[in-house]
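Here are the chains, one letter per residue:
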Amino acid sequence: MNDPRVPSLEQWHQAITDSPEAQRMCWEALGYARGYCDAIQRGSGDAVDFARAFSMLVASGASRPSIDGAWRRWIAGKHLTAN
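The structure presented is a predicted model; accordingly, all values stated were derived computationally and were not measured. (Residues numbered from 1 in each chain as written. Predicted model: local features only at pLDDT ≥ 70, side-chain atom pairs only at ≥ 80, totals over all residues. Heavy atoms only, no water.)

Caption draft 1: Layout of helix α4 (residues 67-75). All buried positions along α4 are accounted for by I67, G69, A70, W71 and W74. Once α4 ends, the next one or two residues include G77, with phi positive near 85°. (Buried < 20%, exposed > 50% of the residue type's maximum accessible area, 1.4 Å probe, protein only. Helix = DSSP H or I, 4+ residues; strand = E, 2+ residues; numbered from the N terminus.)

Caption draft 2: Local environment of the nonpolar core. Grouped together as the largest cluster of nonpolar side chains are 20 residues, with contacts concentrated most on A29, F50, F54, I67, W71, W74 and L80. Of all the secondary-structure elements, those providing two or more residues to this core are α1 (9-18), α2 (20-39), α3 (45-60) and α4. Setting aside chain neighbours within four positions, we find W71 in contact with Y32, A33, Y36, C37, D46, A47 and F50. (Core = buried A, V, L, I, M, F, W, Y, C linked by side-chain atoms within 4.5 Å. Contact = heavy atoms within 4.5 Å.)

Caption draft 3: Spatial organisation of unusual backbone geometry. A positive phi angle, near 55°, is found at Q41, a position not held by glycine. Mapping Q41 onto the fold places it in the loop between α2 and α3.

If you want it as structure tokens, here you go:
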């Protein structure tokens, strides 16, 4: 099943190529989410998808939530900026 919240590899690559901040935040988000997944013995696929989506949000220049807040929304099946 394709999750509409996950950007394509091409979109993600363009975002991290064009924005050093998006690249840095991608790896930071991945580290946060991987730690969570490891702690609860959950596969790392969610962490990777989350990091890609978070980096797109950073690259867009839009206001963004904390990584923790965005991750909680993500695992609830919501968009990163949902209320």
